[in-house]
Amino acid sequence: MHLLVTGGAGYIGSHFVKLALSSDHMITVADNLSRGHREAVMPEAEFVEVDLCDFNNLKRIVNGKNFDAVIHFAAFAYVGESVQNPLLYYQNNVIGTLNLIRAVNETGIKKFVFSSTCSVYGNTDIFPITEELPVNPINPYASGKLIIENVLRDCDRAYGLKSVCLRYFNAAGADPGSEIGSSHDPETRLLPLIILAALGKINEITVFGDDYNTPDGTCIRDYIHINDLADAHLRALNFLNSENRSDFFNLGTGIGISVLDMISRVEKLTGYNVPYKISERREGDPAILVADYTKAKNKLGWEPKFSSEDIILSAWRWYNERKY
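Residues numbered from 1 in each chain as written. Predicted model: local features only at pLDDT ≥ 70, side-chain atom pairs only at ≥ 80, totals over all residues. Heavy atoms only, no water.

A.B. asks: Help me understand the nonpolar core, please; the structure alone is not making it clear to me.
C.D. replies: Judged by nonpolar contacts, the single largest core of 40 residues is most densely connected at F16, I27, L166 and L251. With nine residues, the single largest contributor to this core is helix α7 (residues 226-243). Not counting chain neighbours up to four residues away, the residues in contact with L166 comprise V113, F114, S115, S116, T117, A232, H233, A236, F249, L251 and L300. C219, I312, A315 and W318 belong to the second-largest nonpolar core, a separate cluster that totals 27 residues. (Core = buried A, V, L, I, M, F, W, Y, C linked by side-chain atoms within 4.5 Å. Buried < 20%, exposed > 50% of the residue type's maximum accessible area, 1.4 Å probe, protein only. Helix = DSSP H or I, 4+ residues; strand = E, 2+ residues; numbered from the N terminus. Contact = heavy atoms within 4.5 Å.)

A.B. asks: What is the right way to read unusual backbone geometry from this model?
C.D. replies: Most of the time, phi is negative for any residue but glycine, and the peptide bond is trans. The step from F127 to P128 runs through a cis peptide bond, and the omega angle for that step is -5 degrees. Topologically, P128 is positioned in the loop between β5 (111-117) and α5 (140-159). Positive phi, close to 70 degrees, is recorded for D24, a residue that is not glycine. Within the secondary structure, D24 is located in the loop between α1 (11-22) and β2 (26-31). Classification of D24 as exposed rests on a relative accessible area of 68%. Positive phi outside glycine occurs at S178, with the angle close to 60 degrees.

A.B. asks: Explain the packing of helix α8 (residues 259-270) against helix α10 (residues 308-320) here, please?
C.D. replies: A pair of packed helices is captured by two measures, namely the crossing angle of their axes and the spacing between those axes. At their nearest, the axes of α8 and α10 sit 10 Å apart, and the two run at 65 degrees to each other. In terms of their interaxial angle, α8 and α10 are classed as roughly perpendicular. Relative to α10, α8 is oriented so that their crossing is right-handed. Contacts between α8 and α10 involve M262, R265, V266, L269 and T270 from the former and S308, E309, I312, L313 and W316 from the latter. For the contact of α8 with α10, the per-class residue count stands at six nonpolar, two polar and two charged. (Axes fitted to C-alpha atoms, helices over the stretch in contact; angles between N-to-C directions. Parallel < 35°, antiparallel > 145°, perpendicular 65-115°, else oblique. Left-handed = near helix turned anticlockwise from the far one by under 90°. Nonpolar A, V, L, I, M, F, W, Y, C, P; charged D, E, K, R; others polar.)

A.B. asks: For this particular structure, what's the right way to read the pairing of β2?
C.D. replies: Within a regular beta strand, the side chains point alternately toward one face of the sheet and then the other, so they alternate between its two faces. With five of six residues buried, β2 is to be regarded as a mostly interior element. Alignment of strand β1 (residues 2-6) against β2, held across five bridges, turns out to be parallel. Each bridged residue has a counterpart across the sheet, and for L4 the counterpart in β2 is T28. What joins β1 to β2 is α1, and the crossover it makes is right-handed. With four bridges connecting them, β2 and strand β3 (residues 46-49) associate as parallel partners. Across the sheet, A30 pairs through a bridge with V48, a residue of β3. (Pairing = 2+ DSSP bridges. Right-handed = clockwise from strand over helix to strand, strands pointing away.)

Structure, rendered in structure tokens:
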């Protein structure tokens, strides 16, 4: 298949591109490089620089390539930034994606895989989280993702555009061969910050809140290896081809790890000390997010293969061998 991969120069998108190429798909990566890296795009993939907010240029690209499906990763993804600057997120993530969906619909493409987020569930006292739980986003990043899920649902009813929305839990780790990995500026995700602190690249990490209703008072998250996420996107594409219907799925491991526990695991596996300080809670952060991935297992045939140890060590290797 010929796939249009938006955000394919970013963290998750670049890992998907590498896996999809190994499965003999043709790939065109569309990215504006505002937060992605040209070096992260596999040389076998075609690359076009385009901003999704530039509808005319975007439509020209979508019209000219005879794509079979779209895999949509492109988005800003910092929860804290979305709280501080919601209009930036609604403009980039919502308006940009609406432009993409409009271009796709006008071109006649009927398959769309969307990177959503577990944070659409907001705060809940029920764990692990299943897809049957009500959605209640508590930050603009998550709100924008839910808007697009609803738009895709409506576009299925109106135009027959079939979509799979994948609600990620916490993406982490790097390509096991260290060819590609995570490189964000600024870096806000926990595991990279822990590793950077261990390596002395930053002075310390900040733990946002130690007064949550969790065993050690810090937030608990479900960390899933980036290659497991990439594999789920291929399976979502296969689902659209075989079932020709829309659906949505949680992607996680079902295992929760607290902030302090993750620090301890990195120290144990690497032998390096991780300096940290406790700060106030960060607005928009739920206490616990842990997935029930049964639906993805049953309908996509997907299960996570990488352990938390695999995640930590692959990220550690990437930061020690960082190429960009």
